Amino acid sequence: MKRLGFVLSAIALCSLSLGPGFALADDGAALPSEKEEAVHVYANPDGSVRDGKVEVTLRNANGLPILTDTSSLSDVKPSDESQSFTGDGQELTWTAKGEDVSYTGKSDKSIPVSVAVSYTLDGVAVSPSDISGKTGKVRIRYDFRNDSAFTSGGHDMRTPFTAITALMLDGKAFKNVRVTNGKIVNDGDNVIVVGYAMPGLKESLGSAAEDADVPEYFEVEADVEGFELKSTLTMVSAGLMEDMDLEPARKDDLSSTSAGLTEATAALVESSDGLAEGLGALADGTEGVSGAAWQLNAGAQAASESLPALVESIEELDKGAAALAEGAAKLKEGTAPLSESVEQAQKACQLALTVLATMESSIETVKSNNEAAQAIVAGVMGSSEVPESARAELAQAVAALQANDLYLSAVSSPGSAEPALQQLMAAVQQLNENLDPDSAAALSDGAAKLSAGADALAEGLDALSDGTAPLVKGVRQLVYGTGELASGADELANGAKEAAAGSNELAKGMHEYSEQAIAEIVDVIDNKVVDLVDRLDALKQAARDYDNFSGKPSGVSSTVRFVIEVDAV
C-alpha cells in the first residue's frame, strides 16, 4: 500500500501549483501564503460514499506567528497539538508559531465528482461480495459523474475535473490484464493499472467534440484465479486543465485565418476561370490557323498539278519556235518559189500565232497560281499563332515563289512578236491574192521583222526552259512545307482544345472545391473551432476558479484535490 501511495502522491504533485506569497486581511490579520486542501472520501467497494474528511495546510512562507483562515468545516482538529485556533465556525485564527498549519475537519458537502464501481464475472454482472474469491474472466469498471455545473456563453458546462485511479493487482492471480482508458505497469509480483477519465468534458466541448473520444470511465479486464482486489485510490483535480496553454488557438487568429482562406480561394477560383477563358480563345485561334494552313496547302497542290501542262506547253513552244525560225529564214532568203514561200509563210505564221497564244495562256495560269500562293503564305505568316518551326518552311516557300516571278517575267517578252506575226499574215495574204511589188516589199519587210521576233522568242524560250526546273522544285517544296505546316497546326489546335477542356475541368473543380471543401472548412473554423476556443477558455477559467472546497480568505491562492479510496474486495 505504501508503493501505491507513492504513485498517487507523484500524480497529485503534478496537478498542484505552488506559489508562496504574503497577504494581510482587511483587518490587518496575517494571511497564509497559500491554502491547500485534500478532500479524502472513503467509499464502499461499489463506490458509494461511507465517510470522509478534509485535510488543510496553511502555508506560512513568511514565518508569521498568527495565520487567519476562512473555513466551513466542522470538528476541526489541528495536526500539531502545539498549534491551536479560535473562531466562530467561519473565521479561524491559528497560533502558527512561524510554521505551516495543518488541520482536519468534516464537511456535509458532496464532492463534485463521484464514482460507481461495477464488476462482471464471465460476462455476468455480480456484486462485490459475490465476486470475491471467484475464478474466471473479470471486468472492473469505474464510471465517473461530474456534478459541478456552470453556464458560460449560454452553454451548460461542467468544471473540467480529471480523475486518475490506481489499482495494484496480484500478478499471480491476474493474468492477461487489459485496460481501456489507462496504462499498465508491471512491477515484479504486482501489476499496477492507472486509469483516467474526464467526466463532463465532452458535454462541455459541445458539437466540436461529437466525434472525440473523451473518456468518462476506465475499465480493467483480466483472467483471474481467486479474485481479490486491494483498496484503490482515485485522485480528482481541476488543476490539469488550468495548466493547459491555450494561447496559440486564439479566436481572433482563427477568424483571420478563416477570412484569409476564403479570400485566397476566391482568387484561385478567379484565376482558374481566367485560364479557362484564355485557353478557349487560344483553341479558337489555332483552329483558324489550321484552316488557313490547309487552304495554303490546297493552293500549292493546285500549282503543282498545273506544272505538267506548263512543261508540255513549253515543249510545244520549242517545236513552234523551231518551225517559225526555219520558215522565217526561208522566207527571208526568198529561195523558194513565191507561191510555195507564201504558203509556207502562211503556215508558219499560223503556227507561230497558235504557239504564242498557248504560251501566253500557260504563263498567265502559272502567274495566277503563283500570286495566290504568295497571298496565302503572307496571311499565315502574319498570324502570331504560327510556331517558329513552321515559319522556316514558309520562308523557303516564299523564296521559291519569288524566284518563279523572275522566271515568268523573263518569258513575257515573246508576246511582243504577235503584232509582227499579224502584220506578216496580212502581207502574206495580200501577196497570195495579188503578187505586186508593194506586196513583195511588205512581205520582205515582214519577213525581216518575223526573223527578229523569232530570235526574241528563242531567247525567251531559253530563259523559260532554264527557269522550269527551279519552278518545279520550288512548287514541290511549297507543297511539302505547307503540308508540314497544316499538320503542325492541327496538332497545335488539338493540343489547345485538350488544354482548354482541361482548364474548364480545373475551373469546375475549383468552384466545387470552393463551394464544398473550403466553405465547410470555413464553417468549421467560424462556428465549431471558434466556439471550441471560447469553451476551452471558459473551462480553463472554471478550473482556475475551483480552487477550494471549504472556503478560503479573500486574496489567498489556494488549491484543492479529492482522493477517493474504495474499499478492498
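Heads up: these notes are all about the structure in this document. (Residues numbered from 1 in each chain as written. Predicted model: local features only at pLDDT ≥ 70, side-chain atom pairs only at ≥ 80, totals over all residues. Heavy atoms only, no water.)

Looking only at helices and strands, the protein features 9 helices and 21 strands. Each of the 569 residues in the protein was classed as buried or not, and the buried ones make up 41%. The long-range fraction of contacts in the protein, counting pairs at least 24 apart against all pairs at least 6 apart in sequence, stands at 75%. (Helix = DSSP H or I, 4+ residues; strand = E, 2+ residues; numbered from the N terminus. Buried < 20%, exposed > 50% of the residue type's maximum accessible area, 1.4 Å probe, protein only. Contact = heavy atoms within 4.5 Å.)

Among the 5 residues in strand β5 (residues 66-70), 4 count as buried, and that is most of the element. Sheet topology places β5 next to strand β8 (residues 91-95); 5 bridges connect them, and they run antiparallel. Bridge pairing in β8 places Thr70 opposite Glu91. (Pairing = 2+ DSSP bridges.)

Next up on the list: the pattern of salt bridges. Evaluated as defined, the whole model comprises 13 salt bridges. Salt-bridge contacts for Arg139 lead to Glu219; the nearest nitrogen and oxygen are separated by 3.6 Å. With Arg139 in strand β12 (residues 136-146) and Glu219 in strand β19 (residues 217-224), this pair connects stretches of sequence that are 80 residues apart. The residue Arg141 makes a salt bridge to Glu219 at a minimum N-O spacing of 3.5 Å. (Salt bridge = Lys/Arg side-chain N within 4 Å of Asp/Glu carboxyl O.)

This next bit is on the side chain of Ser558. In this fold, Ser558 is placed in strand β21 (residues 557-566). Aside from chain neighbours lying at most four places away, what touches Ser558 is Glu34, Lys35, Asp547, Asn548 and Lys552.

The next subject is the sheet that holds strand β11 (residues 124-126). Whenever strands of a sheet pair, they do so through backbone hydrogen bonds, lying parallel or antiparallel. Read from one edge of the open sheet, 5 strands run β11-β10-β12-β19-β16, paired in antiparallel fashion. Two strands lie at the open edges of the sheet, namely β11 and β16 (174-180), each paired on one side alone. In this sheet, adjacent strand axes meet at a mean angle of 25° when their direction is disregarded. Two elements, β16 and β19, share 5 bridges in a ladder whose sense is antiparallel. Bridged to Lys175 within β19 is Asp223. (Axes fitted to C-alpha atoms, helices over the stretch in contact; angles between N-to-C directions.)

A word on the nonpolar core. A general tendency of soluble globular proteins is for nonpolar side chains to be buried together. With 52 residues, the main nonpolar core has Tyr103, Leu169 and Phe227 as its most contacted residues. A per-element tally of this core places strand β10 (residues 113-121) first, with 5 residues. One finds Leu205, Ala209, Val214 and Leu536 within the second-largest nonpolar core, a separate group that totals 8 residues. (Core = buried A, V, L, I, M, F, W, Y, C linked by side-chain atoms within 4.5 Å.)

For Asp547, the position within the fold is in the loop between α9 (437-545) and β21. Here the side chain of Asp547 touches Lys552 through a polar contact of 2.6 Å, side chain to side chain. (Polar contact = N/O pair within 3.5 Å; in protein donor to acceptor, adjacent residues only side chain to side chain.)

Next up on the list: the sheet that holds β8. With antiparallel pairing, the 3 strands of this open sheet are ordered in space as β5-β8-β7. In this open sheet, the two edge strands, each paired with only one partner strand, are β5 and β7 (85-87). Strand-to-strand twist of the sheet, defined as the mean angle between neighbouring strand axes without regard to direction, takes the value 20°. Two strands pair when backbone bridges link them, and β7 and β8 are joined in this way by 3 bridges, in the antiparallel orientation. From the neighbouring strand, Phe85 faces β8, where its bridge partner is Trp94.

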